[in-house]
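Chain and residue survey
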Amino acid sequence: MKPSSNEELEITAMSKVPYMKVHGRTTEDRSPLTLFWTGSAVELNVQGSELWVEVESSYDQLEPWISVIINGVPVSRQMLVRGRFWICIFRGMNSDAVKNVRIIKDVQAMSVDPGCSLQFHAVKTNGTFLPVEEKRLKIEFIGDSITSGEGAIGAKTEEDWVPMWFSALHNYTFMTAEALHAEYRVISQSGWGVLSSWDNNPRGNIPEYYEQVCGLLQGEQNKQLGTLEPHEFSSWQPDVIVVNLGSNDDGAFHSPAWTDPLTGQVYKQRLNEDGTYHEEDLAKFEQASVQFLIQLRKNNPQAYIVWAYGMLGASMLPAIYRAADTYKSQTADHRVSIVQLPNTTLETIGARTHPGDLSHRRAADVLTEWIKGILK
């Protein structure tokens, strides 16, 4: 087959692409389309021999990465340098065959780099666009570095905190969704928890930003992109919500106090002299967990809520059980359950002492069966 020349390719702005499916929370603006969260994606069915996408990448420290899946199989992964440019997704392929294409944001929303953004302006192809399958099941995953796929790719010896070691695909979220043939979204941030981040910073909590498009991204650039806008929950209602939080709340008990540089107030989750959790501080975590369950139910009235925990130890599991029991007794809502995920071992660990691919696969297997059970 003779490859087409660029002169034969028709450029279409993202806002004009027919049948395009956008995965992940974003705004209504498609000129350009901005992807914020890990696992966010553009999905297309293309009947043609060639496809390109025009991207715009911005960052101060932490560059965006993307992965490309064609017909269900990952075929490429790359770092995006600064600027606006065209990337070839495929070329020279059978022009009569329909290719299902997903271009996926492979890293989390980088809250520590307000200059980091990923946008899609246009596509060009010599083919036509066809409808994308609508999947019957929708899952929302909420978590921390585990759910962001930190360390899921890369050698066990890697310790640098860089985007290269994040993966949306070597990730229990992707694996679970694929196994259940589900559409999914991810809300996650490394180091964050239900009550605070690992270093006791109370602003590092997911619930505070859950009702915004991507409010944990600060700075004027992100504000202009719409990160602080209220998320329209009615536009996408999950059938299942998976919460994988608690590891960093545990970390706060074992980390030094955090002092607010603006107010001077000191925050610290305390341990008793015997190393057990201080009862008053543990109660704060439990109450924050109850309030988060209330918040989730308010915005997702029909979803099953599954708290999945244990990939980096299960020390907070008793507190999570108590929080769930308190919530259920207060609300009579029993569409909430807890599943313990397999702990990461020396054999399944990945980069940065985080779960590796094998650990994510083990977790996905357990979670998949659990979700199948509650959906019967």
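Residues numbered from 1 in each chain as written. Predicted model: local features only at pLDDT ≥ 70, side-chain atom pairs only at ≥ 80, totals over all residues. Heavy atoms only, no water.

On to the pairing of strand 4 (residues 41–47). Counting buried positions over the 7 residues of strand 4 gives 6, a clear majority of the element. Taken together, the 3 bridges between strand 2 (residues 21–23) and strand 4 define a ladder with antiparallel strand orientation. For H23, the partnering residue across the bridge sits in strand 4 and is A41. In this sheet, strand 11 (residues 128–130) lies alongside strand 4 in antiparallel orientation, the contact comprising 3 bridges. Bridging from a neighbouring strand, N45 pairs with L130 of strand 11. (Buried < 20%, exposed > 50% of the residue type's maximum accessible area, 1.4 Å probe, protein only. Helix = DSSP H or I, 4+ residues; strand = E, 2+ residues; numbered from the N terminus. Pairing = 2+ DSSP bridges.)

Mapped onto the secondary structure, L245 falls in the loop between strand 14 (240–244) and helix 4 (247–253). Overall, L245 belongs to the buried group, its relative accessible area being 0%. C-alpha of L245 to C-alpha of I142: the two residues are 103 residues apart in sequence and 7.4 Å apart in space. The contacts of L245, once residues within four sequence positions are left out, are I142, G143, D144, W192, G193, V194, I206, F292, W307, Y309 and I320. (Contact = heavy atoms within 4.5 Å.)

A separate point is the pattern of salt bridges. Following the criterion strictly, the structure yields 17 salt bridges and no others. Close ionic contact of D106 with R77 constitutes a salt bridge, the shortest N to O distance being 2.6 Å. A residue pair is termed long-range when its members are at least 10 positions apart, and D106 in the loop between strand 9 (98–105) and strand 10 (117–125) and R77 in strand 7 (residues 73–79) qualify at 29 residues. We classify D106 as buried; its relative accessible area is 0%. With a closest N to O distance of 2.7 Å, D357 and R361 form a salt bridge. Separated by 4 residues within a single helix, D357 and R361 lie in helix 7 (residues 357–374), roughly one turn from each other. The exposure class assigned to R361 is partly exposed, which follows from its relative accessible area of 43%. Connected via shared salt-bridge partners are R270, E280, D281 and K284. (Salt bridge = Lys/Arg side-chain N within 4 Å of Asp/Glu carboxyl O.)

Generally, phi is negative for residues other than glycine and the peptide bonds are trans, each holding for most cases. Geometrically, the link from S31 to P32 is a cis peptide bond, its omega value of 0° lying close to zero. On the secondary structure map, P32 appears in the loop between strand 2 and strand 3 (33–35). Although it is not a glycine, N200 sits at a positive phi angle of roughly 80°. In this fold, N200 is placed in the loop between strand 13 (182–188) and helix 3 (220–225). One non-glycine residue, A332, lies in the positive phi region at around 60°. Note that A332 resides in the loop between helix 6 (317–331) and strand 18 (336–340).

Taken together, 5 strands build an open sheet; the order of strands is 13-12-14-17-18 and the sheet is parallel. The open sheet is flanked by strand 13 and strand 18, the only strands paired with a single partner. Ignoring which end each strand starts from, the neighbouring axes of this sheet average 20° apart. In terms of strand pairing, strand 17 (residues 304–309) meets strand 18 through 5 bridges, oriented parallel. Its bridge partner lying in strand 18, W307 is registered against I338. (Axes fitted to C-alpha atoms, helices over the stretch in contact; angles between N-to-C directions.)

Looking at the secondary structure, you find Q295 in helix 5 (residues 279–299). Of the residues examined, Q295 reaches a relative accessible area of 14% and is grouped as buried.

Looking now at the side chain of R352. Within the element layout of this structure, R352 appears in the loop between strand 18 and helix 7. Looking at R352, its side chain comes within polar contact range of the main-chain oxygen of E159, at 2.6 Å. Not counting chain neighbours up to four residues away, the residues in contact with R352 comprise E150, E158, E159, D160 and W161. (Polar contact = N/O pair within 3.5 Å; in protein donor to acceptor, adjacent residues only side chain to side chain.)

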